[in-house]
Every structure is written in structure tokens, then in C-alpha cells.
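One letter stands for each residue in the lines below.
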Amino acid sequence: MDEHIFDKLTESQKKAVFHKDGPLLVLAGPGSGKTRVITYRIAALVESGVPAYSICAITFTNKAAEEMRNRCSSLFMASRSSHPGFRNNAHVSTFHSLCVRILRQYGEKTGLNPNFTIFDTADQAKCMRQAVIDCQLDTANFSPARMLEAVSALKNKLVDPESFKQQAYDFFNTKLSEIYHRYQQIMTEFNALDFDDLLVKTAFLLRDFPDVREELGNRFRYLLIDEYQDTNHAQYQIARHIVSSHNNICATGDPDQSIYRWRGADIRNILAFEQDWPDAVIVKLEENFRSTPNILAPADRLIAHNLHRKSKILIPTKERGNDIIIETCEDEIDEAANVAGRITELVKRGLSLRNIAVFYRINSMSRILEETFIKNKIPYQIVRGVEFYNRKEIRDMLGYLKVLVNPADQVALLRIINTPARGIGKTTIDKVQNFAAKNRITLYDAFRDAGKIDEISAATKAKIAVFIKLLENLKKDIEGPVAPVVERIFRESGLAADIKEEETLDNIEELVNAAAAFDKQADKPTLLDYLQQVSLFSDADVYDAEADRVALMTLHCAKGLEFDAVFIIGLEEGLLPHERSTENSDDIEEERRLFFVGITRAREELFISLSQYRTIRGQLMRTIPSQFLYELGIESRCTEKPEEKNTGNCLDDGDYVKYTHPAFADGQLVRHKSFGLGRVKEFIDMGEDSIVVVHFNTGQTKSLLVKYANLSIP
DNA sequence: CATAGCCGCCTTTTT
DNA sequence: GGCGGCTATG
């Protein structure tokens, strides 16, 4: 490989890229080239004689993995010496994909059937519902979603049902431990794993089987982990086990960009790296190559408001650019129109749509944008959760495939048993389920033996027999490439005949295309591999960065991406920070990091907006500007909007707004020196003279001038 | 047993 | 506002 490939790296980047063996932590701010360091480090390792197949790189999303694989191969393409097979040999994937691989190979040691299905949130909810009912509890008090959240938190900390039972001290936790236990039982019966199980089972496998640990350590001599700040405890343990024999771990991350605490991400992983690996070399990347100083400085001021944080320097390398523009709009419709107008303007100035993105806090905010963009003929793509694989026809189709591969998957079986309608209704299913429970067999086997169930009429038995026959026939030819199998099953299952709308058909076609793409990249495609991969696929992975369309996505999805122009909308209390995160300061800090991540995606232009009114759940609400706006520390001029119609869209009728006074949200807890604790009843936004009405615990209600009241947030 | 329509539930972020 | 589950009706 030509030496000059590495020439464009900075000195500190080189230090990380050419680091020899042993633990290495790359602490780096946004836009400093972390991911680039990993890619080049893979190249440098191979260059120094390390076989590519002994390198394992972990990324946060499948999309990032795909990109890294591509970048690696183009790096090698650019070099004079070729490294054939490199692309296929280095393992680049997410933690979850790696775990599937490990479990498929070694899982049987723990009694795991390798044909397992991976359950998504909807499947999980069905099982959890059953678990709660089986524990004789009410799904109203123990809502399945809540229970799943609690169980997930336990799994992320690697707490199994048995050890949790030991530490469950009160009523709720005792019940939770029963539910957790039952839920895992059900999952085992169905031969299914949820997302968390993939990590948990792998971590325990590595913990309990030194031979597996050793084999994996030999297989992967180098482990590189990107976005280390967002790893959870289970992932941390897996990483530790893999490198236990050689300590060749390289992690990159930025504590200020940790935005997945709610999902179990443990920021301590990155903070304690030096304690975990005392001989670790730390490389800091402090230069930012992405954003203009006009964007970086406010981002820096914002994040400085986080108290639980090691401060670090962000050195801009770009020339001065345009200031951030903050705009106050009438309502969300006005806000969307404003974004559309701005985008039209940017395009006129020569920016291409693929370099523009709009970020928001919650998915539901995309709807108005979508409608507005259609009206204004602005091409866009929404990078959104699960969407595609959540469609009914897709789930039905996958249901058939799953049952064929894993007949124990009862959730899938129940889905397809009467889809399309074949005269097997609830009553019959109940009878068969009872039979299955009584004889301790799977539901699938119970259906196969339905002839033995007396309560079922002969006519229904015949229908069941037809169904079972259908499945056996479908199963006959499922070897080889997946796409033809999907197509055949679509026809023969009767789903095809049942389709009424054009769009549904298009979706199925897209599924077949996805299967064809899978066939193409797999050495030896199997239906099982396909299903296990499809379950890990999501929204962000479908995002096409090459397409000339504006990208719309949540702030969480924006991680790792960058654009010339960025819009962040909905800077309102309750939305950003989100109301569910306003209870404790740790949550607020995470919201602030989220905003920080959004801001630092912008290369040149950044537009931030808020609406004075917003319709939430059908109710028109007056909003309060987000506290984060003040924390940017900018004096913001409300500029004219492109399609100018002066309707008092700017605070204080337009001219000059200085974001210095704090805003209070309704219901917010505050403390006053003499009145003590109270809750905000109302906040009247009048700039410097804003009034806050507080109902104090003493029973009194007071209207206070914010600038004199000196309220603190407890 | 199938279907339609209604009611009540939840609604942050995602692998 | 959207979905899942339940009920009433054919």
C-alpha cells in the first residue's frame, strides 16, 4: 500500500492509527474523524501484516458497518498492492450481528437451538402480555410495555431472573421477578430471542465457557469499537471477554455524544476505560474539521451547561461562516413552511438536497414536514424506525418464513394461522392451545395432531389439515437463494390472492428485492440467515445518502452523519428537552447532549426553530421556548422568512431577541428562597419581564417576576 | 366464524 | 391521532 494514503491524517490521528498492540482509547469530539481513525487503523494493521480476518470492528448501526466496509475496500483499492478478500475477511458489524454469529456457532453449548427467531418489539409485547397474564396479574397495572422496559434494563445489566429474585425486596419487584422469569420461559418455548437476549446470552456464554472465549480471542486478535460511549454493560462484558487474552482493544467515543442512556448505555464504560485497562494509551482528537466556528462556539457553550462532564476543547479548523439562525414560528404548519422556504432558498444558492437534513425530537413530527414537502415538491426521504418491516403484509410474509424455519415460533404461527382467512377462528385456536398446554407440546405440533382433539368439529379439522399440508409443502423447497423462496411462498400461501391494493404489492416486491440483495452478498444464502439479519435491520439502514433528497430524521438517527445545512425544529420545553426527561438532571443532560449532537452535524448552515403554538394530541397548546436556546448564548436576530408574510412570527414582534431569561414549564418543580418548593402553574413569556405563577407547597400561589424571584430548579 | 365498527389505550428516542 | 382489542351483528 502506498504510504501517502496515510499522509492526510493529522499527527494525533496517526498516533491512534499506528498504535501498536495493547489497549487504546480515542477520545474525540464531533467532526474530529473518529470513524476515519478506525478505518485507517484497520488498513494500517493489515499493512503491518495482521491478517484481515483477525480484525473485528464494531459499529453502532448496520448502516455504519456497511459504510465502514465500503471505505475499507476503497482504501485498499487506492493502494497499489491489493489485498483480495479483505472486504469479506475483516468482520465489521454491530454488536448484535456479532452476537448472532457467535450464538449460531457456539450457542448449542448452552442448549440454544440455532434456528432461533429474533423477536422485535411487537413480538415481545405479545409474549410479555402473556407472561403478565400467566402470573395472574392485571395488564392494566402491569402494562406489558412497562414490564418490557424494566426487564430490558435488567438484561442490559446482565441480571438474570434468578439473581433478580434474590434481590427483589418489595411487592412490585417480587412480581416483576416472576414476570421476568415467565417471560424468559415463554421465549425459550418459542425458541426466540429478543434484542437484549442476543447480548445477554453471548455475555454469559463467554463468561461460562473459557474455551469459547479462547477461540474467539484467537479468531479476533484486534477488536475496534466505535461509539464506545453508547455501549451498555452487556456489550462491555462481551468486549472484555473477547480481548481478555490479548487486550488489543481500541475504542473511540465522545462522552458528550452519549444519547442512549435510556437504552442502558453506560457512560461509565468510556469514563472508566483507563481503570479497566491500566496500560491504556489515550489519544485525544480535539480538532474539528466539520463545522464552522459560528456553529461550534454555541455548541460548546451549550454543552458546558452539563455539570457531570469533563470539559474538553473543540478547536475549529474551518473559516468563519454564517451565524446560526433561530426562528420563532406561529405553529408547526408555519414552521414546516418556513423550513421548506429555506430549503428552496438554499437550493437556489446551489446546495444539493442530499446535503440538507431536518432533525426533530420525535417521529410524529415528521408528518407535517412530509405534507409540506409534498406540497412544495421538495424530494425527501424519511429515516424512520421500523416502518417498512412493521407493515401488515410484510409481517404476514415474514410470519410464514419464520414458521417454516422455526415451527416453535408461536407468535408467527398465530399470525398466519388465519391469514388469509381460512375458517380457523378464535374458538378453534383456544381449543388447540389448551390441547398443547395439556400435552406439553408446541402449538405447531398440537395443530398437527388436531385430529385427536374431540371438541373440534370434523369440518374444522379438515381446514386445519389443509393448513398443515400447506406448510409442509411450503417447507419442501426452502434451500438456496432466498428471493425465489419468498416469491413462491407469497403465491402459494394464498397471501398473493388476498391482496387488494397496488401499494401492498409494491411492498412485497421491495421485500423480494431486499432478499435478492441479501442473496447477492451472501456466500451461501439460507432462509435462516436472512431472517436473523432482517430482524436486526432498521430504518437508518435503508437511508440512501447518495439520493438527492432532503433527509428527515430524529435527532437520535442523526448520530454519525453530517450535512452542509441542518434544520432542527421544535426547540420547545416538553419537546426538547422532552417532557418525559425533565424530572431529573441526568435526563436533562442527555437531552442537552442530544441537541449538541444535532448541532454538530452541520457543516455550514444551521437553522433552529420553534413554534409558539403546537397541536399535541389534537390540542392546540401554547409553547415555551426551550431552555437550551438561552444556553447557546447567542443574540439572535429574527430574520425575514423567505415567503415573507409578517404575522408576528418573531418574539417581541420581530426585531431583536436576546435569549437570556430562563423559561419555566408548566408543572415544573422550582425552589424559592423563602417560599420553599413549588410547582409552576403558568409561565407568561414577556421577555425580560416574564412572570411565573407558582403554587407553593405551603398552599400559597404567587405571581413572581422571573428576574427578581431567583428561582432555582431542585 | 367473519367482519365492521367502536372504544379505550398509549404516545421519546432504537438495536 | 393511531392501533389493538373487544363486541355486536350477519
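Residues numbered from 1 in each chain as written. Chains lettered and ligands numbered in written order. Predicted model: local features only at pLDDT ≥ 70, side-chain atom pairs only at ≥ 80, totals over all residues. Heavy atoms only, no water.

A.B. asks: Account for the sheet that holds strand β7 (residues 249-253), naming residues and giving values.
C.D. replies: One open sheet holds the six strands; their spatial order is β3-β2-β6-β7-β1-β8, and the pairing between them is parallel. Edge positions in the sheet fall to β3 (91-94) and β8 (281-285), since each has one partner strand and no second. Across this sheet, the average inter-strand angle for adjacent strands is 15 degrees, counted without regard to direction. Pairing geometry for strand β2 (residues 55-59) and β3, over four bridges, is parallel. Bridging from a neighbouring strand, Ile58 pairs with Ser93 of β3. Contacting β1 (24-28), β2, β6 (222-225), β7 and β8, helix α2 (residues 34-47) crosses the sheet at an angle of about 165 degrees to β6. Running over the sheet, helix α5 (residues 95-106) touches β2, β3 and β6 and is turned about 110 degrees from β3. (Pairing = 2+ DSSP bridges. Helix = DSSP H or I, 4+ residues; strand = E, 2+ residues; numbered from the N terminus. Axes fitted to C-alpha atoms, helices over the stretch in contact; angles between N-to-C directions. Contact = heavy atoms within 4.5 Å.)

A.B. asks: Break down the nonpolar core for me, citing the residues and quoting the values.
C.D. replies: Core analysis: the biggest nonpolar cluster contains 51 residues, and Met397, Phe447, Phe467, Leu471, Ile489, Leu527 and Tyr530 have the highest contact counts within it. Where this core is concerned, the elements lending two or more residues are α18 (392-405), α19 (410-416), α20 (426-439), α21 (443-448), α22 (458-475), α23 (482-492), α25 (502-521) and α26 (527-534). For Tyr530, the residues in contact, after removing those within four places along its chain, are Val482, Leu511, Ala514, Ala515 and Phe518. In this structure, Leu112, Leu205, Tyr236 and Ala280 belong to the second largest nonpolar core, which totals 41 residues. (Core = buried A, V, L, I, M, F, W, Y, C linked by side-chain atoms within 4.5 Å. Buried < 20%, exposed > 50% of the residue type's maximum accessible area, 1.4 Å probe, protein only.)

A.B. asks: Run through unusual backbone geometry, naming residues and quoting values.
C.D. replies: Backbone torsion omega between Leu576 and Pro577 reads 5 degrees, so that peptide bond is classified as cis. By the element assignment, Pro577 lies in the loop between β15 (563-568) and α27 (585-599). Residue Asn191 is not a glycine yet carries a positive backbone phi of 50 degrees. Within the secondary structure, Asn191 is located in the loop between α9 (171-189) and β5 (192-194).

A.B. asks: Tell me about the environment of Arg622, and please be specific about residues and values.
C.D. replies: Counting through the fold element by element, Arg622 comes out in strand β18 (residues 619-622). A C-alpha to C-alpha distance of 9.2 Å links Arg622 and Asp331, two positions 291 residues apart in sequence. Those residues within four positions of Arg622 in sequence are excluded, and the remaining contacts are Gln612 and Tyr613.

A.B. asks: Break down the side chain of Asn62 for me, citing the residues and quoting the values.
C.D. replies: Following the sequence through the fold, Asn62 ends up in helix α3 (residues 62-78). Among the residues examined, Asn62 registers a relative accessible area of 14% and is labelled buried. From its side chain, Asn62 meets the backbone oxygen of Leu536 in a polar contact 2.9 Å long. (Polar contact = N/O pair within 3.5 Å; in protein donor to acceptor, adjacent residues only side chain to side chain.)

A.B. asks: Explain the packing of aromatic side chains residue by residue, including any values.
C.D. replies: This model, assessed by the stated rule, comprises eleven aromatic pairs. Ring geometry for Phe373 versus Tyr380: centroids 6.1 Å apart, planes at 65 degrees, classification edge-to-face. Across this residue pair, the class does not change: Phe373 and Tyr380 are buried. Through a chain of ring-to-ring contacts, three or more aromatic side chains come together here, namely Tyr228, Tyr236, Phe273 and Trp277. One residue, Arg622, lies across the ring of Tyr613, its end atom 5.4 Å from the ring centre. (Phe/Tyr/Trp six-rings, centres within 6.5 Å; stacked < 30°, edge-to-face > 60°. Lys NZ or Arg CZ within 6 Å of the ring centre and 35° of its normal.)

A.B. asks: Now, about the sheet that holds β15: what can you tell me, with residues and values included?
C.D. replies: Strand order across the open sheet formed by six strands is β11-β16-β15-β12-β14-β13, with parallel pairing between neighbours. Each edge of the open sheet carries a strand with a single partner, namely β11 (325-329) and β13 (380-383). When strand polarity is set aside, the average angle formed by the axes of neighbouring strands in this sheet is 20 degrees. Relative to strand β14 (residues 550-554), strand β12 (residues 356-360) runs parallel, the two sharing four bridges. Considered in β14, the bridge of Tyr360 is made with Thr554. Sitting on the sheet, helix α16 (residues 332-348) touches β11, β12, β14, β15 and β16 (602-611), and the angle it makes with β16 is about 155 degrees.

A.B. asks: Lay out the pattern of salt bridges with the relevant residues and their values.
C.D. replies: Applying the stated criterion across every chain, the model contains 41 salt bridges. Close ionic contact of Glu562 with Arg290 constitutes a salt bridge, the shortest N to O distance being 3.0 Å. Of this pair, Glu562 sits in the loop between β14 and β15 while Arg290 sits in the loop between β9 (287-288) and α15 (293-303), placing them 272 residues apart in sequence. For Glu562, a relative accessible area of 34% gives the class partly exposed. A salt bridge links Asp323 to Arg320, with the shortest nitrogen-to-oxygen separation between them at 3.9 Å. Salt bridges sharing common partners tie together Arg261, Asp586, Asp587, Glu590 and Arg593. (Salt bridge = Lys/Arg side-chain N within 4 Å of Asp/Glu carboxyl O.)

A.B. asks: Provide a residue-level description of helix α10 (residues 195-208), including the pertinent values.
C.D. replies: Here α10 contains 14 residues, and its C-alpha end-to-end distance of 21 Å stays within 8% of the 20 Å for a straight helix at 1.5 Å per residue. Every buried residue belonging to α10 is among Asp196, Asp197, Leu198, Leu199, Val200, Thr202, Ala203, Phe204, Leu205 and Leu206, and all of these are buried. (Expected span 1.5 Å × (residues − 1).)

A.B. asks: I'd love a proper account of the packing of α18 against α26, names of residues and values included.
C.D. replies: At their nearest, the axes of α18 and α26 sit 10 Å apart, and the two run at 130 degrees to each other. Taken together, α18 and α26 sit at an angle that is classed as oblique. Read as a crossing pair, α18 and α26 show a hand that is left-handed. For the pair α18 and α26, the contacting residues are Leu398, Leu401, Lys402 and Val405 in the first and Leu527, Leu528, Leu531 and Val534 in the second. Residues belonging to the contact of α18 with α26 are distributed by class as follows: seven nonpolar, no polar and one charged. (Parallel < 35°, antiparallel > 145°, perpendicular 65-115°, else oblique. Left-handed = near helix turned anticlockwise from the far one by under 90°. Nonpolar A, V, L, I, M, F, W, Y, C, P; charged D, E, K, R; others polar.)

A.B. asks: For the pairing of β15, give the residues involved together with the corresponding values.
C.D. replies: Within β15, six of the six residues are buried, leaving the element largely enclosed by the surrounding structure. Inspection of the sheet shows β12 paired to β15 by four bridges, in the parallel sense. For Phe359, the partnering residue across the bridge sits in β15 and is Ile568. With five bridges connecting them, β15 and β16 associate as parallel partners. Across the sheet, residue Phe563 finds its bridge partner in β16, namely Ala602. In this view, the connection linking β15 to its parallel neighbour β16 by way of α27 has right-handed handedness. (Right-handed = clockwise from strand over helix to strand, strands pointing away.)

A.B. asks: For the confidence of the model for chain A, give the residues involved together with the corresponding values.
C.D. replies: Summing up the model confidence of chain A, the mean pLDDT is 83 and the portion of residues at 70 or higher is 86%. Confidence, read as mean pLDDT per element, is least for strand β20 (residues 656-658) in chain A (34) and greatest for β6 (96). Ignoring residues within four places in sequence, the model shows residues 637-661, a span with pLDDT below 50, making 55 contacts including any to other chains. (pLDDT = per-residue confidence, 0-100.)

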